[in-house]
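Structure at a glance
These are the residues of each chain, in order.
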Number of protein chains: 2
Amino acid sequence: MKWDELAQEPCSVARSLAVIGDRWTLMILRDAFLGLRRFEAFQARLGISRSIVTERLNLLVAEGVLERRPYQDRPVRHEYRLTAKGLDLHPVIMAIVDWGDRHYAGEAGPPMLRRHKGCGCDFHAVQVCSECGEPVTARDVEARPGPGAATVRSFT
Amino acid sequence: MKWDELAQEPCSVARSLAVIGDRWTLMILRDAFLGLRRFEAFQARLGISRSIVTERLNLLVAEGVLERRPYQDRPVRHEYRLTAKGLDLHPVIMAIVDWGDRHYAGEAGPPMLRRHKGCGCDFHAVQVCSECGEPVTARDVEARPGPGAATVRSFT
DNA sequence: GATCTCCGTTCAGATTTCGAACTCAGGTTC
DNA sequence: GAACCTGAGTTCGAAATCTGAACGGAGATC
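Residues numbered from 1 in each chain as written. Chains lettered and ligands numbered in written order. Predicted model: local features only at pLDDT ≥ 70, side-chain atom pairs only at ≥ 80, totals over all residues.

1. A few points about the overall build of chain A
In terms of regular secondary structure, chain A is built from six helices and five strands. Traced from its N-terminal end to its C-terminal end, chain A shows the element sequence α-α-α-α-β-β-α-α-β-β-β. A compact globule built from 156 residues should have a C-alpha radius of gyration of about 15 Å, whereas chain A, at 19 Å, is more than 25% larger. Overall, chain A is about 55 × 55 × 30 Å in size when its C-alpha atoms are taken along their principal axes. (Helix = DSSP H or I, 4+ residues; strand = E, 2+ residues; numbered from the N terminus. Rg over C-alpha atoms; globule rule 2.2 N^0.38 Å.)

2. Brief notes about the domain arrangement of chain A
All names here are of chain A. Domain boundaries in chain A define domain 1 (1-86) and domain 2 (89-156). Each of domain 1 and domain 2 has a C-alpha centre, and the two are 21 Å apart. Among the elements that take part in the side of domain 1 that touches domain 2, helix H2 (residues 25-33) stands out by supplying three residues, more than any other. Per-class residue counts for the side of domain 1 that touches domain 2 are five nonpolar, one polar and one charged. (Domains from an automatic or database assignment. Nonpolar A, V, L, I, M, F, W, Y, C, P; charged D, E, K, R; others polar.)

3. Some details on the relation of the copies chain B and chain A
Least-squares fitting of chain B to chain A yields an RMSD of 0.1 Å, with the transformation described by 0.0 Å of translation along the axis and a rotation of 180°. Given the turn and translation reported, the copies of this chain are related as if by a two-fold rotation axis. Closest approach to the rotation axis among the C-alpha atoms of chain B is made by Gln 127 of chain B, whose C-alpha sits 2.3 Å away. When the interface residues of chain B are mapped onto chain A, 100% of them again lie at the interface, so the same face is used by both copies. (Least-squares fit on C-alpha atoms with pLDDT ≥ 70 in both. Contact = placed C-beta atoms within 7 Å.)

4. What to know about the protein's contact with DNA strand D
Phe 39, Arg 50 and Ser 51 of chain A together with Ser 49 and Arg 74 of chain B are the nearest of the 18 residues found near DNA strand D. At the level of secondary structure, the elements contributing two or more residues to the surface near DNA strand D comprise helix H3 (39-46), helix H4 (50-62) and strand E2 (77-82) of chain A together with helix H4 (50-62) of chain B. Per-class residue counts for the surface near DNA strand D are five nonpolar, five polar and eight charged. (Near = placed C-beta within 6 Å.)

5. Digging into the interface of chain B and chain A
Accessible area lost during the coming together of the parts is what is often quoted as the interface size. On the chain A side, the residues contacting the 79 residues of chain B number 79 residues. Residues that form the side of chain B that touches chain A fall into these classes: 45 nonpolar, 18 polar and 16 charged. Across five bridges, strand E3 (residues 112-116) of chain A lies against strand E5 (residues 141-145) of chain B in antiparallel orientation. Considered in E5 of chain B, the bridge of Arg 114 of chain A is made with Ala 143 of chain B. (Pairing = 2+ DSSP bridges.)

What follows is the structure in structure tokens.
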């Protein structure tokens with residue numbers, strides 16, 4: 001399988017990764033969630049080539065994850081903001097952060113703390129079942145084909 | 001920043017992505033969570049070059065995400081199983097699946113359903129605060145530097 | 001002993017990705 | 001108005017990565 005065939009796979013992981021599975025894309029999204037919005041800011045923070053920033057931002061805009069909007073005229077300057085679809089990626093980032101915190105924080109503790117505004121506590125994310133509200137682990141889940149599994153292409 | 005400097009960043013996203021942020025690694029982990037364990041199985045399902053499968057499996061083993069253990073002698077054959085650290089990645093995969101289900105499932109519906117064994121329902125994952133149990137969205141979170149933020153390397 | 005399976009390794013060549021320098025348009029400084 | 005700055009890209013050669021295909025080897029099967 002080639003990388004650009006991923007999007008056609010009947011698998012939500014593959015389809016998502018076709019958009020965000022790139023080396024730098026998730027790093028850009030991390031910064032977007034931390035509030036960065038400008039081309040220069042992304043480029044400077046990541047210290048990667050401008051062409052890569054350009055390409056990734058364009059892809060994320062094309063996919064509707066970021067929105068490119070002018071924030072001034074003369075000269076026109078644009079900023080990149082998370083759309084609703086982009087904000088839906090928050091659980092992905094949080095899950096990645098939590099794994100990193102747990103396994104790579106070292107002696108010093110996690111490099112960032114996150115406070116839940118609702119209760120004021122520093123927290124980490126817990127995944128629960130949308131139906132019963134109980135925490136879910138790998139062993140509690142049983143996967144099976146769903147309605148979109150066998151997308152048969154018709155020839156007529 | 002180069003790709004292999006990611007692991008040194010004082011950021012849990014960067015550190016995690018240094019391990020799992022690769023193009024194919026998350027696809028391999030997806031299959032591992034679906035129960036695949038053998039080299040041939042990963043290679044056949046992904047349809048990618050054997051050398052890449054080798055390399056990724058070795059990296060995941062080196063990082064302690066997968067464990068390589070013999071499942072027969074004469075000839076020795078190994079299988080790759082998720083370790084506890086690997087199982088901790090389940091929330092990441094779930095979050096990615098949920099995003100894909102929500103934004104790329106199309107008319108036919110999601111390609112896979114997941115049932116929570118606890119309550120027997122098909123479900124999706126909801127992230128809640130570890131402290132108060134309320135659902136968490138991007139807007140509810142406030143990030144600030146933590147104890148591991150300024151890892152100053154001593155020269156003595 | 002020929003062939004098959006499983007699990008890799010190797011290598012040349014194609015493809016992609018990257019970094020550094022360049023462009024460009026407008027604004028600011030003096 | 002000349003020199004310089006800033007934000008946002010583009011270009012292009014070099015470097016990394018991926019592919020496909022062949023090879024190896026250790027036992028099993030026929």
